[in-house]
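# Residue-level structure breakdown
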Amino acid sequence: MKHFVLLALTVASFVHGRVWNDTGVGAIVFEEAWTTAELVGTVGAAPAIGETIAELRANLVDIHNHRLAQMDEFGIDFMVLSCAQPCVQGVSDPETAAAMAVNLNNILADLISNNTLRFGAFAALSMHNASVAAQELNRAVNELGFLGALVNDYQQSGPNDDTLLYYDQPEYDEFWQMVTDLDVPVYFHPRTNVQLLSSLIYSHGFGLKGPAQEFAATLSTHILGLCTNGVFDRFPALKIIVGHLGERLPSDLFRTDEQLLRQVPLGIPMQRNASSYWLTNLYETTAGNFATPLLQFHKSQIGLDRIMHSIDYPFALISEGQEWVNSLTDVLTSEELLGLKRGTAIKILKLDD
Ligand SMILES: *[C@@H]1O[C@H](CO)[C@@H](O)[C@H](O)[C@H]1NC(C)=O
Ligand SMILES: *[C@@H]1O[C@H](CO)[C@@H](O)[C@H](O)[C@H]1NC(C)=O
Ligand SMILES: *[C@@H]1O[C@H](CO)[C@@H](O)[C@H](O)[C@H]1NC(C)=O
Ligand SMILES: *[C@@H]1O[C@H](CO)[C@@H](O)[C@H](O)[C@H]1NC(C)=O
């Protein structure tokens, strides 16, 4: 009986607007990883200090137990789940990748279907083919009630995993058209590099792979590619979200702008400077980068209304992220803090539409 009522609520929510656990003050977070027991061994990342790899893996596959208890304890109203990296972007065969995306989206929709008050989802997508990606996004949003998509950086491809597909090329316009038609955000999350790049770039420095250096270095290049190749000029309504305080990009806008503007006469397709896209198309989250002075600097660069809170659970702890964000009463007004924790996210994710 209870099951029946919840299902009815879920179906009704797509027609009449989403019903979610809106306490008026709790956080909304959405760089939050989940995976299946089958894939959990492919997720390369170090656990938080004090946690074991076994605990990290248990937290990745869990939704309704420890994760939800932590959300209750630390004041998170709503969490958007997505498939932990590299997920589909780590599958070089196009047919396998496309089937995997459909399967994962169905599994996740089913797992959260009895608690859509607390959980939403971003679609996993095979990015080998823009048309296939667009159709699966459409299905995930319109049939499964997903809130957008999360891609784990470039799509690897080729028989030796040696072809990297970046979504800043004209072939992807068909995908970006669907994204803007649906008016949903796409989250750009980092991935562990393919072996070829990893051994060329990081064999000299153990520990530089992953979040310490590799993630931001690789993903920021992809984001700047979207800028320089004119994707935002062609799709002015496109909303892209970048985690970890923007993978360092808003920390370096002076030099990026200055150097890119020198290349405009050489024919790069970009019609504006890179920093201006942070005012119209790009958003960042605080996920895994709980640095107060940096947040204040980014506020001065792109404005607080481009910045949203997130955790990066389970790679960062819910307690850590929530204790940090609640400490920002020292530097933000209560109105600003509510915007960071939830107000902007409610608009971007269209939770109240
Ligand atoms: C709503 O979220 C709060 C945390 O912000 C939690 O304490 C409360 O139990 C939640 N209510 C429901 C019905 O899930
Ligand atoms: C949803 O289903 C899961 C798995 O059966 C269960 O652990 C959880 O308590 C359920 N949640 C609700 C709100 O019924
Ligand atoms: C992409 O997928 C579509 C639809 O399945 C197909 O018609 C098209 O040929 C594919 N494009 C490429 C480059 O494989
Ligand atoms: C970037 O463009 C914006 C408006 O589009 C302008 O206000 C700003 O001065 C430009 N910055 C640089 C460094 O050119």
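Please refer to the structure placed before this passage.
The following paragraphs examine the structure supplied in this document. (Residues numbered from 1 in each chain as written. Chains lettered and ligands numbered in written order. Predicted model: local features only at pLDDT ≥ 70, side-chain atom pairs only at ≥ 80, totals over all residues. Heavy atoms only, no water.)

### Some words on the sheet that holds strand E1 (residues 27-34)
Our working definition: Following DSSP output, two strands are said to pair if at least two bridges run between them. Each helix is a run of DSSP H or I of at least 4 residues and each strand a run of E of at least 2, with the numbering of both proceeding from the N terminus. Axis angles are defined between N-to-C directions and span 0 to 180 degrees, where every axis is a line fitted to C-alpha atoms and, for a helix, only to the segment in contact. Residue contacts follow a heavy-atom distance rule, with two residues in contact if any of their heavy atoms lie within 4.5 Å.
On the basis of which strands lie adjacent, the open sheet formed by 3 strands has the order E1-E2-E3 and parallel pairing. For this open sheet the edge positions go to E1 and strand E3 (119-121), each flanked by a neighbour on one side alone. Each adjacent strand pair in this sheet contributes to an overall mean axis angle of 30 degrees, direction not counted. Two elements, E1 and strand E2 (residues 76-83), share 6 bridges in a ladder whose sense is parallel. Paired with Val29 across the bridge in E2 is Met79. Contacts from helix H15 (residues 334-348) reach E1 and E2, with the element oriented near 80 degrees to E1.

### Some words on the site of ligand 3
To be explicit about the condition: If a single non-hydrogen atom of a residue is within 4 Å of a molecule or strand, that residue counts as near it. Definition of a polar contact: a pair of N or O atoms within 3.5 Å, with one able to donate and the other able to accept a hydrogen when the atoms are protein atoms, and with sequence-neighbouring residues admitted only if both atoms are side-chain atoms.
The local shell around ligand 3 consists of Asn129, Ser131 and Val132. Contact distances for ligand 3 include 2.3 Å between an oxygen atom and a side-chain N or O atom of Asn129.

### Some points on the nonpolar core
For clarity, the cut-off: Think of a nonpolar core as a cluster: buried Ala, Val, Leu, Ile, Met, Phe, Trp, Tyr and Cys residues, connected wherever their side-chain atoms sit within 4.5 Å. We call a residue buried when its accessible area falls under 20% of the maximum for its residue type, exposed when it is over 50%, and partly exposed in between, using a 1.4 Å probe and counting protein chains only.
The biggest cluster of nonpolar side chains holds 83 residues, and the ones touching the most others in it are Leu137, Phe175, Trp176, Phe188 and Ile240. Of the residues forming this core, the biggest block, 7 residues, is contributed by helix H4 (residues 94-112). With residues near it in sequence (within four places) discarded, Trp176 still touches Tyr167, Val186, Phe188, Leu226, Val231, Phe235, Leu238 and Ile240. The next biggest cluster of nonpolar side chains, apart from the first, holds 18 residues, and it includes Phe78, Leu150, Ala287 and Ile348.

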